[in-house]
Structures are given as structure tokens and as C-alpha cells.
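Reading the structure
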Amino acid sequence: MRIRSVHPVTFIMLLACYLIGCDSAVFDNLSDCPQGVNFHFYSQTPCERFPDYPSDIREVRVFAFDDKDVLVGEFSDRNMVLSADYSLPATLRHTGKLTFVAWGGSDLEAYDFSDFREGVTTRQEMQVSLRLKNGRISSALGPLYVGLASISLENRKDMGSVYERVAFNMQELTYRVHFTISSIGSPFPIDEEFVIRIED
């Protein structure tokens, strides 16, 4: 049985065609690779040397705004354990400058986010209030935290999947309002309605 030899030039040409074909089939089309950010959360005051990870932040909602400050997306985790290793991955369709506002607490169901509408609400219009149920204001189980961060994302489709790090310094909102209602003696005007209004 005779084995026919392959000319070295022919062999090199076949090898080059094989490698070029493999490269174009495997590496050229990266447009479908996801791009985004990894959200990290901590709390640190100017007096503290190291970051803290409050245990009463067990739920977060992050709202993303584009360069015109219009809401373009929301990302959430309702069952988190905050630590230095925790991160919330978020895949984004937008590039350019993005601003993120994160709200955190033990139970965000006590707060009303229903006015936030994608493509409509601006960052300046963003207001969070206690939820109204059956004519009564719900009570929050713990403190409310808020954090702000921004990033400029480039189009990196030719680099595969790239997730940038975005860190929030979550600050506890310390506004507290206490009402004390006491009797003013008889006769008490039981047929009158009283309105308590808080304005800034």
C-alpha cells in the first residue's frame, strides 16, 4: 500500500484556510454577548474607615436613567444577604452615561413606587412615599436606604461579555415624624374632621 505525500506548500495552504475558517466561525460574531454592570452595595460614613454591610438591607430596587435623566430600566433583588461578596448583575441595552438610584430596606412593599414609568419618569420626578392601604398609611418595618451612582458605558460588542462594577454607598434616610394626640377636654368637637399636613 502506497501513501501519497502532500506537498508542503499545499499543506500550509490547507492549514491556513482551516485556521481562518475557524477564527471567523468562532470569534467574529460577538454582537449577541450580553453587556452590563454588577451592582455592589455598602454603607460608610466619612467618619468610618471601613465599609459596613447593614443586615436590615434585605431588598433593593435599582432604577437606571439615561443621559437625559429618563427612566430606562429597573433591577431588583427581593431576597438578598448583603456582604462584601454580594453583587446584583444587570444586563443593559443602553450605552453612554447612565445614572442609577438604589433604594434598599428590609421590606420595600411598604413604599409606593407605582408612579415610576419607563420612558416617562425623570430622575427629578422620582418620589417614594409610604403605601396607602384601605385609607391608612402602611408602616415601614425598618429604615429606608438610598444610594446614587453613575457610569459611562461604551459599546464593547467586539470584546464579548463585559460587566462593569457599580458601587452604591447606601445612606439611611433619618427623617422621622412622631405625632402625639391628646385630649383637649370637654366638649370635644367629635363631628369635625382634622387634617394633618406636612410640607417642606
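Rules used throughout
- Residues numbered from 1 in each chain as written.
- Predicted model: local features only at pLDDT ≥ 70, side-chain atom pairs only at ≥ 80, totals over all residues.
- Heavy atoms only, no water.
- Helix = DSSP H or I, 4+ residues; strand = E, 2+ residues; numbered from the N terminus.
- Contact = heavy atoms within 4.5 Å.
- Pairing = 2+ DSSP bridges.
- Axes fitted to C-alpha atoms, helices over the stretch in contact; angles between N-to-C directions.
- Buried < 20%, exposed > 50% of the residue type's maximum accessible area, 1.4 Å probe, protein only.
- Polar contact = N/O pair within 3.5 Å; in protein donor to acceptor, adjacent residues only side chain to side chain.
- Patch = residues over 30% accessible without salt bridge, like charges linked within 9 Å, V, L, I, M, F, W, Y side chains within 5 Å.
- Areas by Shrake-Rupley, 256 points an atom, 1.4 Å probe, with all protein chains shown as cover.
- Salt bridge = Lys/Arg side-chain N within 4 Å of Asp/Glu carboxyl O.
- pLDDT = per-residue confidence, 0-100.

**Observations concerning the side chain of His 40**
- Mapped onto the elements of the fold, His 40 is located in strand S1 (residues 35-42).
- Here His 40 is in contact with Tyr 86, Ser 87, Arg 165, Val 166, Ala 167 and Phe 168, once residues within four sequence places are set aside.

**What about the sheet that holds strand S11 (residues 162-169)?**
- One open sheet holds the three strands; their spatial order is S4-S1-S11, and the pairing between them is mixed. A single partner strand is all that each edge strand has here, and the edge strands are strand S4 (88-91) and S11. Shown here is a sheet whose adjacent strand axes are inclined to one another by a mean of 25 degrees, direction ignored.
- Across four bridges, the pairing between S1 and S4 is antiparallel. Within S4, the residue paired with Phe 39 across the bridge is Leu 88.

**As for the environment of Glu 74**
- Position of Glu 74 among the secondary structure elements: in strand S3 (residues 71-77).
- Among the residues examined, Glu 74 registers a relative accessible area of 36% and is labelled partly exposed.
- When the C-alpha positions of Glu 74 and Ala 102 are compared, they lie 9.6 Å apart, and in sequence the two are 28 residues distant.
- The residues touching Glu 74, leaving out its near neighbours within four places in the chain, are Arg 61, Val 62 and Phe 63.
- At 2.6 Å, the side chain of Glu 74 forms a polar contact with the side chain of Arg 61.

**Side note on a nonpolar patch on the surface**
- On the surface, Leu 130, Leu 132 and Ile 137 cluster together to form a nonpolar patch covering roughly 310 Å² of accessible area.
- Looking at where Ile 137 falls in the secondary structure, it is placed in strand S9 (residues 136-137).
- Judged by its relative accessible area of 61%, Ile 137 falls in the exposed class.

**Details of the confidence of the model for the chain**
- Counting all residues, the mean pLDDT for the chain is 80, and 70% of those residues have values of 70 or more.
- Within the chain, the element-level pLDDT minimum falls on helix H1 (residues 8-26), averaging 57, and the maximum on strand S2 (residues 59-65), averaging 96.

**A closer look at the sheet that holds S2**
- The antiparallel open sheet is built from five strands, whose spatial order is S3-S2-S5-S10-S12. For this open sheet the edge positions go to S3 and strand S12 (171-172), each flanked by a neighbour on one side alone.
- As defined by bridge partners, S2 adjoins strand S5 (residues 96-105) across seven bridges and the pair is classed as antiparallel. For Phe 65, the partnering residue across the bridge sits in S5 and is Thr 99.

**Looking at the pattern of salt bridges**
- Using the criterion set out here, one finds five salt bridges in the structure.
- Residues Glu 59 and Arg 78 are paired through a salt bridge, measuring 3.0 Å at the closest nitrogen-oxygen approach. Here Arg 78 lies in the loop between S3 and S4 and Glu 59 lies in strand S2, a separation of 19 residues in the sequence.
- The exposure class assigned to Glu 59 is buried, which follows from its relative accessible area of 5%.
- The partly exposed category is assigned to Arg 78, whose relative accessible area is 46%.
- Linking Glu 118 and Arg 93 is a salt bridge whose minimum nitrogen-to-oxygen distance equals 3.8 Å. Pair noted here: Glu 118 is in the loop between strand S6 (111-112) and strand S7 (129-130) and Arg 93 is in the loop between S4 and S5, with a separation of 25 residues, a long-range link.
- Residue Arg 93 is classed as exposed on the basis of its relative accessible area of 69%.

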